[in-house]
Amino acid sequence: MTFDPAGFAPVHFRWAFEAGVAIVTIDKPSQKNPLTFESYAELRDTFRALVYASDVKAVVITGAEGNFCSGGNVHDIIGPLTRMTMPELLDFTRMTGDLVKAIRGCPQPVIAAIDGVCAGAGAIIAMCADYRIATPRAKTAFLFTRVGLAGCDMGACAILPRIIGQGRASDLLFSGRALGAEEGERWGFHNRIVEPDTLLDEAQAFARSLVEGPTFAHGITKTQLNMEWNVSLETAIEMEAQAQAICMKTEDFRRAYDAFVAKQQPVFEGN
C-alpha cells in the first residue's frame, strides 16, 4: 500500500505538503470548522494511510480562519444521531474512536495548532495530538455533558488524565467548561502559546525541526509512548532496551557520532 502526499486531494478538508510536513486544515469557517460523518471518515482514513507515507515526516492539524474545530456539526451529525438505532450509534462512536486510534497510531509526530473554538470532537483531536500550540484566544471544551452525554468520548478518560492529571481531567469532563489558553499551558495541555498571526508559522517551524531530526527514531518514540501505557516498569525498560538497540543500527546514529567527532551538526536522513 502506498500513499502519495504530493498528489493527495481530500474532499472534506484542506491538505498541503512540502518538505516532509503535511498540513491538515479543517475548513468550514462559517460554522467554526465542524466535523461531518464524511470528514470524520476521511480524516480517519488519511491518518491510517500515513503509516505508509514515508515521505511525510510530521503533520500539523489546524482549523481555518480563527477557530480550530467546533466538534460534530449540529445539523449534519447531532440531529441524525437522535434518530439512529443502537447498532447505528455504536457504528458511529466506534468510527470516531478509530480517528483517535489512527492519529495515535501513525508514526509521524502530530502537532495541533489551536486557535479560537476547540470543542467536543475538536478538543479530542487536539488532545490526541503529540504536541499542542495555542493562541491566547484558544478555548478548549470537552463539552459532552453539556449535551447530555458522558465525558468518556473517543478515549478522553484514558488520554486526558495522562496529560493534565486525574483531578483536572475530572474537572473538564464533568463540567464541560472551556479551558483557557493560559490555564491550559499551566496544566500542561498546551505546550506553548503564540500569537494568532504566527500560529501556523510556529507550528510549521516546529514540524520542520522534527523533520530535520532522526525521524525513524521519532516514530519509535511515539510507538513507545503509546505502548508503555499498559505495561509494568520492568516490561517498559525491556521494550525501551530493544527499541534503542534498533535505533543504534540506523545510519542516523552513525551520522550523529561522525558529526560529533568532526565537531559539526549532524544531518539526519531518517534511516
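Residues numbered from 1 in each chain as written. Predicted model: local features only at pLDDT ≥ 70, side-chain atom pairs only at ≥ 80, totals over all residues. Heavy atoms only, no water.

In the annotation of an unreviewed UniProt entry, the entry for the protein chain reads Enoyl-CoA hydratase/carnithine racemase, and the organism field reads Allosphingosinicella indica. A UniProt comment under Sequence similarities (unreviewed entry) is attached to the protein chain, and it reads "Belongs to the enoyl-CoA hydratase/isomerase family." (UniProt positions renumbered as here; feature names shortened; annotations may be inferred.)

*Asks:* Before we go on, may I ask you to explain the overall build of the protein chain in this structure?
*Replies:* For the protein chain, the helix and strand inventory stands at 11 helices and nine strands. Relative to the globule expectation of 18 Å for 271 residues, the C-alpha radius of gyration of the protein chain, 19 Å, shows essentially globular dimensions. Taken along the three principal axes of its C-alpha coordinates, the protein chain extends 65 × 45 × 40 Å. In the protein chain, buried positions account for 46% of the 271 residues. Long-range contacts, defined here as pairs at least 24 residues apart, represent 68% of the contacts in the protein chain between residues at least 6 apart. (Helix = DSSP H or I, 4+ residues; strand = E, 2+ residues; numbered from the N terminus. Rg over C-alpha atoms; globule rule 2.2 N^0.38 Å. Buried < 20%, exposed > 50% of the residue type's maximum accessible area, 1.4 Å probe, protein only. Contact = heavy atoms within 4.5 Å.)

*Asks:* Which parts of the structure should I look at to understand the pairing of strand S1 (residues 14–18)?
*Replies:* Consecutive side chains along a regular strand alternate between the two faces of the sheet. Note: S1 against strand S2 (residues 21–26), five bridges, orientation antiparallel. The residue of S2 that forms the bridge with Glu 18 is Val 21. (Pairing = 2+ DSSP bridges.)

*Asks:* What should I look at first to understand the domain arrangement of the protein chain in this one?
*Replies:* Where the parts come together, the accessible area they lose is often given as the size of the interface. The domain boundaries assigned to the protein chain delineate domain 1 (13–212) and domain 2 (215–262). One C-alpha centre belongs to domain 1, the other to domain 2, and the line joining them spans 27 Å. At the interface, 13 residues of domain 1 touch seven residues of domain 2. Between domain 1 and domain 2, a total of about 840 Å² is buried, with carbon and sulfur atoms accounting for 54% of that surface. There are one salt bridge connecting domain 1 and domain 2. One salt bridge in this structure joins Asp 130 and Lys 222, with 3.0 Å as the shortest N-O distance. For the interface between domain 1 and domain 2, the tally reads six residue pairs in polar contact (both at pLDDT 80 or more). Residue assignment for the side of domain 1 that touches domain 2 shows that the elements contributing at least two residues are helix H3 (86–105), helix H5 (156–164) and helix H8 (199–211). The residue inventory of the side of domain 1 that touches domain 2, partitioned by class, reads eight nonpolar, one polar and four charged. (Domains from an automatic or database assignment. Buried area = accessible area lost by both parts, 1.4 Å probe. Salt bridge = Lys/Arg side-chain N within 4 Å of Asp/Glu carboxyl O. Polar contact = N/O pair within 3.5 Å; in protein donor to acceptor, adjacent residues only side chain to side chain. Nonpolar A, V, L, I, M, F, W, Y, C, P; charged D, E, K, R; others polar.)

*Asks:* Got a minute to help me understand the packing of helix H9 (residues 215–227) against helix H10 (residues 233–248) in this structure?
*Replies:* Relative placement of two packed helices is described by the angle separating their axes and the distance separating the axes. One can describe the packing of H9 onto H10 by two numbers: an axis separation of 10 Å at closest approach and a directional angle of 170 degrees. Regarding the angle of H9 to H10, the classification is roughly antiparallel. From H9, Phe 216, Ala 217, Ile 220, Gln 224 and Met 227 reach across to H10, where they touch Met 239, Glu 240, Ala 243, Ile 246 and Cys 247. Of the residues assigned to the contact of H9 with H10, the class counts are eight nonpolar, one polar and one charged. (Axes fitted to C-alpha atoms, helices over the stretch in contact; angles between N-to-C directions. Parallel < 35°, antiparallel > 145°, perpendicular 65-115°, else oblique.)

*Asks:* Quick question: what am I supposed to make of the sheet that holds strand S8 (residues 178–180) here?
*Replies:* Across a sheet, strands are paired by hydrogen bonds formed along the backbone, either parallel or antiparallel in direction. Spatially, three strands are ordered S5-S7-S8 in an open sheet, and the strand pairing comes out mixed. Of all the strands in the sheet, the pair left with one neighbour each is strand S5 (117–119) and S8. Here the average twist between neighbouring strands, direction ignored, is 25 degrees. Sheet topology places S5 next to strand S7 (residues 139–141); three bridges connect them, and they run parallel. Counted as the bridge partner of Val 117 is Lys 139 from S7.

*Asks:* I'm lost on the side chain of Lys 222 in this one. Help?
*Replies:* Assignment of secondary structure puts Lys 222 in helix H9. Look at Lys 222 and you get buried, because its relative accessible area is 4%. Within polar-contact distance, the side chain of Lys 222 engages the backbone oxygen of Gln 108 at 2.9 Å. Non-local contacts of Lys 222, meaning those with residues more than four positions away in its chain, are made with Ile 103, Arg 104, Cys 106, Pro 107, Gln 108, Val 110 and Asp 130.

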